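So you can see what is in the structure, the chains are spelled out below.
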Amino acid sequence: MHNITLIPGDGIGPEITDAVVEIIEKAGVLVNWDVQTAGADVAEKEGTPLPTRVVDSIKKNKVALKAPVTTPIGKGFRSVNVQLRKELDLYANVRPCKNIDGIKTRFDNVDIVMFRENTEDLYAGIERQIDDETAESIKIITKKASIRICEFAFDYALKYGRKNVTAVTKANICKLTDGLFLRCAQEVAAKYPQIEYKEILVDNLCMQLVQNPEKFDVLVLPNLYGDIVSDLGAGLIGGLGVAQGANIGENCAVFEPVHGSAPDIKGQNKANPTALLLSAIEMLKYIGENDSAQKIDFALRKTLKEGKVLTMDLGGCASTKEFKDEIIKNL
């Protein structure tokens, strides 16, 4: 029996969470779900979108599955995702971008894993209003954080037989901050002579990703560039609805989809749970449930490849429940 923190989120979060939990249970995985609410609705009741009880639960269980949580744009509370990453020191954001049979995209040869440093850069949240017409934000890059995300990326490449690691910066302009990240990547690369090491500027990377994504294997990026480029990567494989994510630290890990909470379709039973399910599959591997992870992955990919029962965002007309039931049938 596994003790896992479950954060249903808000918007479409509870709907896709219910679907994924049922699929995991039908696959035979025994889980004691420690359900913890967070987000906008919780902020109204408890005065914070991320109560201490949520963080305490993850620290205790070491693993969490999290659905999307709404973040206000330009006002209101800070991102729950960012707060969780800082509170738990989840320094490595892992974003696989690989084509899935049955999902039509402009490219059919994408297989990239992106590693985004998760704790600093502009996301440190050090901002101030200088006057009515000027605001500033401070970009923080440290050697410690840069070294460990680069080591994480190279360790992954070595473990899974990836061919090369590319460090992504804008070091020609941000010579001190991005320059430090780049020097750290070079330092780490020297310890892994069996892995080819490359460097690229982030703007050039974006252009090349939409021309020849097959050129890239593993990318390691500072926080802001990683956030932007990983969503570009999601676009290469079919969109955020099929993009999984993991946030991993020394002591615990949070697995979550990268799409938003889509409040406009909340409660309409038409949300696509694929991204959360893919994230859950990675979670199952993380806790050693490899057979069940493989079984669910097969059932999901069979459902998508057959294309008979798909949600609207994938070109079908199935409801969340119908899509979930088809995956369970294919188990």
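Predicted model, so just to flag it, every value in this text is computed and none were measured. (Residues numbered from 1 in each chain as written. Predicted model: local features only at pLDDT ≥ 70, side-chain atom pairs only at ≥ 80, totals over all residues. Heavy atoms only, no water.)

Chemist: Before we move on, can you summarise the packing of helix 3 (residues 52-61) against helix 4 (residues 80-88) with the specific residues and values?
Modeler: The geometry of helix 3 relative to helix 4 is characterised by a closest axis approach of 11 Å and an angle of 50° between their N-to-C directions. It follows that helix 3 is oblique to helix 4 by the angle criterion. Crossing of helix 3 over helix 4 shows right-handed handedness. Between helix 3 and helix 4, the contacting residues are V55, I58 and K59 on the first element and L84, E87 and L88 on the second. Broken down by class, the residue content of the contact of helix 3 with helix 4 amounts to 4 nonpolar, no polar and 2 charged. (Axes fitted to C-alpha atoms, helices over the stretch in contact; angles between N-to-C directions. Helix = DSSP H or I, 4+ residues; strand = E, 2+ residues; numbered from the N terminus. Parallel < 35°, antiparallel > 145°, perpendicular 65-115°, else oblique. Left-handed = near helix turned anticlockwise from the far one by under 90°. Contact = heavy atoms within 4.5 Å. Nonpolar A, V, L, I, M, F, W, Y, C, P; charged D, E, K, R; others polar.)

Chemist: Tell me about helix 5 (residues 143-159), residues and numbers included.
Modeler: With 17 residues, helix 5 should cover 24 Å at 1.5 Å per step; its first-to-last C-alpha distance of 24 Å lies within 8% of that length. Taken together, the buried positions of helix 5 are occupied by A145, S146, I147, R148, I149, C150, F152, A153, F154 and A157. Backbone geometry just after helix 5 places G161 at a positive phi near 70°. (Expected span 1.5 Å × (residues − 1). Buried < 20%, exposed > 50% of the residue type's maximum accessible area, 1.4 Å probe, protein only.)

Chemist: Got a sec to walk through the state of the cysteines? Specific residues and values, please.
Modeler: Under the counting rule described, the total for this entry stands at 0 disulfides. In this model C150 remains outside any disulfide bridge; the closest cysteine sulfur is found in C184, 6.7 Å from its own. Looking at C150, the relative accessible area reads 0%, which means it is buried. For C184, a relative accessible area of 2% puts it in the buried group. (Disulfide = S-S within 2.5 Å.)

Chemist: Give me helix 8 (residues 223-236): which residues, what numbers.
Modeler: Taking 1.5 Å per residue, 14 residues should reach 20 Å; helix 8 reaches 20 Å between its end C-alpha atoms and fits that length. Within helix 8 the residues assigned to the buried category are N223, Y225, G226, V229, S230, G233, A234 and L236. Each buried residue of helix 8 sits inside an arc of 165° when the element is viewed along its axis, so together they form one side. Contacts made by the buried residues of helix 8 are with strand 4 (92-98), strand 5 (111-117), strand 8 (164-169), helix 6 (177-189), helix 7 (202-209) and strand 10 (218-221). Of the residues flanking the end of helix 8, it is G238, one or two places downstream, whose phi is positive at about 125°. (Arc of directions from axis to C-beta.)

Chemist: Give me the pairing of strand 7 (residues 134-137): which residues, what numbers.
Modeler: The sheet contact formed by strand 6 (residues 127-131) and strand 7 spans 4 bridges and is antiparallel. The partner of D131 across the bridge, within strand 7, is T134. Between the antiparallel neighbours strand 6 and strand 7 lie 2 residues. (Pairing = 2+ DSSP bridges.)

Chemist: Quick one: what's the story with the sheet that holds strand 12 (residues 253-257), residue by residue and with numbers?
Modeler: Spatially, 10 strands are ordered 2-1-3-12-11-4-5-10-8-9 in an open sheet, and the strand pairing comes out mixed. The two strands at the open ends of the sheet, each matched to only one other strand, are strand 2 (31-35) and strand 9 (196-201). Across the sheet, the mean angle from the axis of one strand to that of its neighbour is 25°, orientation sign disregarded. The pairing of strand 4 with strand 11 (residues 244-248) spans 3 bridges and is antiparallel. Residue N93 lies in a different strand from strand 11, and its bridge partner there is N247.

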